[in-house]
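A structural walkthrough
Single-letter residue listing:
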Amino acid sequence: MTPEGKALSNIVILGFGFMLMFTAFQTCGNIEVALVSFPSMSIIYGVFSASNLVAPSVVAVVGPQLSMFFSGLLYSAYIAMFIQPRVWSFYTASVLVGFGAAVLWTAQGNVLAINSTDTTIGRNSGIFWALLQFSLFFGNLYIYLAWQGHDHISEKDRQTVFISLTVISLIGCFLFFLIRKPDPSEPTPSETSEAPLHTESTDMKACKLSVTKEMMLLCLPIMYTGLELTFYSGVYGTCIGAMTRFGHNAKGLIGISGILIGVGEILGGGVFGILNNNRLGRNPVVLLGLLIHYLAFYLIFLNIAPDAPQAPEEGTDLQAYMTPNVGVALFCSFLLGLGDSCFNTQLLSIIGFLYKEDSAPAFAVFKFIQSIMAAIAFSYSNVLQLPWQLLLLVVTGFMGTLSFFLAEWLVVAKRRDSDYDSI
């Protein structure tokens, strides 16, 4: 197999491994609320944020492949905990999976970077993102089909589901062993053998990367992806389920909403991966994502009651500026997923291009910023009314897009200078 073919197969295996792991994890998250009385996302995101400070060192010492495998085992342990949940095991598993998430995503960024070139990083980012987002589709589809109309979940059903999800997650973990070492033109940090010396400088590299001109410009779009991650994964589904004017099946629409978010993510990742055009650059895709999100935010503002995020269990009878429409609500779910894929695929692409030699600390900085903003958004999600949350997304999205444009123009200028130097 050619070096390019080997690298592409590694990206596909990476995507399938994440797809299986997060199909299990996303499904677990969707049914967690129905099974336990204490949420875990705030714990996971809090530990996730802090652990990004040490994740590059772990990846440097252990290597990206083993880092993903052992982190995946922590995800599997978290899912297995629900087979027979206890309070102590729940909190312990939440802390461990938060640490595992930081190492997992840092190692993923490293594998993506070392298996990509300047011309394939955009394609590979899109392929990985599309495969990953199948987890949203499968997880929500299972919940919708298997448990539709069930008011009570028996202990036997719970155990069967979580045993199955644990097995699926473990299969994803072992897939990482199929990833083969690429044939780089020059050694990368993750491949050096002097682990102690490299470990000593890894945290310093992450700190230095965080204050480079390009990374500081990318901070704003990364912050935006953290805010809108919380919105589409937590807030919007809750809002749909709280709308009593959608009928008695409003709660069931949450699963369909998640499926359509996944469809949007898959479509965006696939299109921007297959049709990646280096001549046009990344800016048009990010601009498209912003416009798609603005359309979604406007329709949500018109269609969903302002008090939906704070609505009690029985829901809200209020309406916004139009007669609530289920079709519009679900169309917005698709738009949220499609727009999110525009931002994330291009952020993966530009970070992988800029920091290929220091990909582990660079992606750790990326996830550190994103997870902090997601945690902040979770903290205000049930306090601020929906119009204020949408306004915050509109402003942050606009500033983040402008900032991304500047970072991309710096990349183009560097590439042009490099081309001149090679003449």
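Analysis parameters
Residues numbered from 1 in each chain as written. Predicted model: local features only at pLDDT ≥ 70, side-chain atom pairs only at ≥ 80, totals over all residues. Heavy atoms only, no water. Core = buried A, V, L, I, M, F, W, Y, C linked by side-chain atoms within 4.5 Å. Buried < 20%, exposed > 50% of the residue type's maximum accessible area, 1.4 Å probe, protein only. Contact = heavy atoms within 4.5 Å. pLDDT = per-residue confidence, 0-100. Salt bridge = Lys/Arg side-chain N within 4 Å of Asp/Glu carboxyl O. Helix = DSSP H or I, 4+ residues; strand = E, 2+ residues; numbered from the N terminus. Phe/Tyr/Trp six-rings, centres within 6.5 Å; stacked < 30°, edge-to-face > 60°. Lys NZ or Arg CZ within 6 Å of the ring centre and 35° of its normal. Axes fitted to C-alpha atoms, helices over the stretch in contact; angles between N-to-C directions. Parallel < 35°, antiparallel > 145°, perpendicular 65-115°, else oblique. Left-handed = near helix turned anticlockwise from the far one by under 90°. Nonpolar A, V, L, I, M, F, W, Y, C, P; charged D, E, K, R; others polar.

**Section: the nonpolar core**
Across soluble globular proteins, you tend to see nonpolar side chains buried next to one another. In this structure, Phe18, Tyr78, Trp105 and Phe231 are the most contacted members of the largest nonpolar core, which totals 106 residues. Among residues more than four places away in sequence, those in contact with phenylalanine 18 are Thr23, Met68, Leu104, Trp105, Gln108, Phe128, Leu132 and Phe176.

**Quick notes on the confidence of the model for the protein chain**
The predicted coordinates of low-pLDDT regions are not to be read in fine detail. Residue-level pLDDT values for the protein chain average 82, and 85% of them are 70 or greater. In the predicted structure, residues 419–423 sits below a pLDDT of 50 and forms 0 contacts with residues beyond four places in sequence or in another chain.

**Re the pattern of salt bridges**
Pairing is possible between side chains that carry opposite charge, provided their charged atoms lie close to one another. According to the stated counting rule, one finds 2 salt bridges in the structure shown. Residue arginine 123 is joined to glutamate 4 by a salt bridge in which the shortest nitrogen-to-oxygen separation is 3.9 Å. Of this pair, arginine 123 sits in helix H6 (residues 121–146) while glutamate 4 sits in helix H1 (residues 3–35), and the two are 119 residues apart along the sequence. Of the charged contacts in the structure, one is a salt bridge between glutamate 408 and arginine 282, with a shortest N-O distance of 2.8 Å. Here glutamate 408, found in helix H14 (residues 386–421), pairs with arginine 282, found in the loop between helix H10 (253–274) and helix H11 (283–303); they are 126 residues apart in sequence, far enough to count as distant. Arginine 282 carries the same exposure label as glutamate 408, and that label is buried.

**As for the packing of aromatic side chains**
Inspection of every chain in the model, using the stated rule, returns 26 aromatic pairs. Measuring from ring centre to ring centre gives 5.2 Å for phenylalanine 18 and phenylalanine 128, while their planes differ by 75°; the resulting arrangement is edge-to-face. On the criterion of sequence distance, the pair formed by phenylalanine 18 in helix H1 and phenylalanine 128 in helix H6 is long-range, its members being 110 residues apart. In this structure phenylalanine 18 comes out as buried when scored by relative accessible area, which is 0%. These aromatic residues form a ring-pair network of at least three members: Phe18, Phe22, Phe25, Tyr75, Tyr78, Phe82, Phe90, Tyr91, Trp105, Phe128, Phe162 and Phe176. The aromatic ring of tryptophan 105 is capped on one face by lysine 367, whose charged end is 4.2 Å from the ring centroid. Note that lysine 367 overlies the ring of phenylalanine 366, its terminal NZ or CZ placed 5.3 Å from the centroid.

**Some details on the packing of helix H3 (residues 55–62) against helix H5 (residues 87–114)**
Closest axis-to-axis distance for the H3/H5 pair is 9 Å, and the angle between their directions is 60°. The orientation of H3 with respect to H5, classified from their angle, is oblique. In this structure, the crossing between H3 and H5 has a hand that is right-handed. Touching Ala55, Pro56, Val58 and Val59 of H3 are Phe99, Ala102, Val103, Thr106, Ala107 and Asn110, all from H5. Each residue belonging to the contact of H3 with H5 can be placed in one class, and the counts come to 8 nonpolar, 2 polar and no charged.

**Observations regarding the packing of helix H9 (residues 213–242) against helix H13 (residues 359–380)**
Axis separation between H9 and H13 bottoms out at 7 Å; the angle between their running directions is 40°. Taken together, H9 and H13 sit at an angle that is classed as oblique. Considering how the two elements wind past one another, H9 and H13 form a crossing that is right-handed. Residues Met215, Cys219, Ile222, Met223, Thr225, Gly226, Leu227, Leu229 and Thr230 of H9 lie in contact with H13, whose contacting residues are Ala362, Val365, Phe366, Ile369, Gln370, Met373, Ala374, Ala377, Phe378 and Tyr380. Looking at the contact of H9 with H13 residue by residue, the class counts come to 15 nonpolar, 4 polar and no charged.

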